[in-house]
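# Understanding the architecture of this molecule
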Amino acid sequence: MTDHDTDTGIRTGTGTGTGTGTERTFAPLPPAQGRGFAQTWWGQAWLRALEDAALDAGQVKTGRRLARAGAVGAVSVRAGRITAVVLDRDRTAHRADVLLAELSAEQWDRFLDLAVERSGHVAALLDREMPTHLVEDAASAGIDLLPGLGDLEPECDCGAWDHCGHTAALCYQMARLVDQDPFVLLLMRGRGEQSVLDALQARTAAPAEDASASEGVDATEAYAAGDILPPLPAPPVPPLVPGLPPALDTEVPPAPGVDPIAVRHLAARTAAEAHRLLTEALRPLSDQHAAGTELTAAQDAVRLAVDAPDEAVTGRLAVGSGRDPQSLAVATRAWELGGAAALAVLEEEWAPDEQGEVHARARAALHSAWDEDERPTLRAAGNRWTVADVPVQIRLGRDGRWWPYRREQGRWVPAGPAALDPATALASAGTASAESQR
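About the cut-offs
Residues numbered from 1 in each chain as written. Predicted model: local features only at pLDDT ≥ 70, side-chain atom pairs only at ≥ 80, totals over all residues. Heavy atoms only, no water. Helix = DSSP H or I, 4+ residues; strand = E, 2+ residues; numbered from the N terminus. Buried < 20%, exposed > 50% of the residue type's maximum accessible area, 1.4 Å probe, protein only. Polar contact = N/O pair within 3.5 Å; in protein donor to acceptor, adjacent residues only side chain to side chain. Contact = heavy atoms within 4.5 Å. Pairing = 2+ DSSP bridges. Axes fitted to C-alpha atoms, helices over the stretch in contact; angles between N-to-C directions. Arc of directions from axis to C-beta.

## Observations concerning the side chain of Gln393
- Position of Gln393 among the secondary structure elements: in strand β10 (residues 392–396).
- A relative accessible area of 4% places Gln393 in the buried class.
- There is a polar contact of 2.6 Å between the side chain of Gln393 and the side chain of Arg395.
- Ignoring any residue separated from it by four or fewer positions in sequence, one finds Gln393 in contact with Arg384, Trp385, Thr386, Trp403, Pro404, Tyr405, Trp412 and Ala429.

## Topic: the sheet that holds strand β9 (residues 384–387)
- Pairing is antiparallel in the open sheet, where 5 strands are placed in the order β8-β9-β10-β11-β12. With partners counted over all chains shown, the strands left at the sheet margins are β8 (378–381) and β12 (411–414), one partner each. Neighbour to neighbour, the strand axes of the sheet diverge by 30 degrees on average, direction disregarded.
- With 4 bridges connecting them, β8 and β9 associate as antiparallel partners. Paired with Leu378 across the bridge in β9 is Val387.
- Set on the sheet, helix α13 (residues 325–347) makes contact with β9, β10, β11 (402–408) and β12; between it and β12 the angle comes to about 50 degrees.
- On the sheet, helix α14 (residues 357–368) packs against β8, β9, β10 and β11 and is oriented at approximately 20 degrees with respect to β9.

## Let's talk about helix α4 (residues 119–126)
- Buried within α4 we find His121, Val122, Ala124 and Leu125. One face of α4 carries all of its buried residues, which in axial projection span an arc of 160 degrees.
- The inward-facing, buried residues of α4 abut α3 (105–115), α5 (132–140), α7 (183–188) and α8 (193–204).
- Taken from the residues just after α4, Arg128 is the one with a positive phi, measuring 65 degrees.

Keep in mind these numbers describe shape, not what the thing actually does.
Structure follows, in structure tokens:
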């Protein structure tokens, strides 16, 4: 718990700063051995602004080591600037400053108006939390509360022109302060805590508008006016490739039972799945596939096995999927071609209605794809049609698409993506089989 000085707006107590309403000074923090510098999402966003923009990753690591060792002195925070003395390993002292642009008066007015729109925003700030929706709403209004790429401008008497170990150490220490109290960040943006609280109180205490001043409109008229609304903007273009997961270089040994290689792979596969879902959602409705059911543990193990980094991870996933390593390799090939639908075609054998429309269309397409004397002989077994005397097969999925297969080392394996036309799928399987035999 902390106390508030009602005259100056200064917080006092363990781990808090002292000073005037426009400047606060924080005593040196103890070494951060065995813990991260930021636990909250806004503290981590502060660190990303440093780590993503620094040109020399080695200097960032040096700063992290200095901050972790307790080499950062008292931190002075004021509008647009933080300052501290940082000691090198040889105990040489350097003055480090980091600058962050202040918000304009107009931006502050818009931010404060947004803050009082939801009562939960003010309550969260008083609880020393930064509401996610408040930051997002502010960004939509052109107000960046959290620093972005290149926003943290370094100055150090060591002469470095980019972030050096001293300014990086100051940023890491600042992350701990921002983590504990987001009002520290608001002070850097130009307003002290008491100034912000007074402005919020003035807005919430303002008399409400007379309800009788506006009679409103009839509900029927309001609905009838719906056609005057502007059309929705075009959906965004999805990125070409999945994003990269954050680095795990924390210089802290992993906890017992935690495999960093497996964690990195899990993060990469999560990014890949998110990219697939986004791409699917942004397709035209006519091109979208029906949403599948929730994956089983065995199916999810196959998904995670794609691009597995080493044999240890692959072996664990093979056990989790109920397969041996060879079967898992075939299953991951199917997954890469078509996800859960392709995996189902690999594993399921079912009998379509031979008198049904899908079966009739397939026979007609296969019949018309070749001349009479060139038409291959096909043996049908359920949803699987195999070319006589040739290691090629096509399989019918429950969604009506055809999947090409070829035989490799005694196993039927997927040979390409699905096609609506069985003749196209059969030609794709034949081409893949010929290439594999070269």
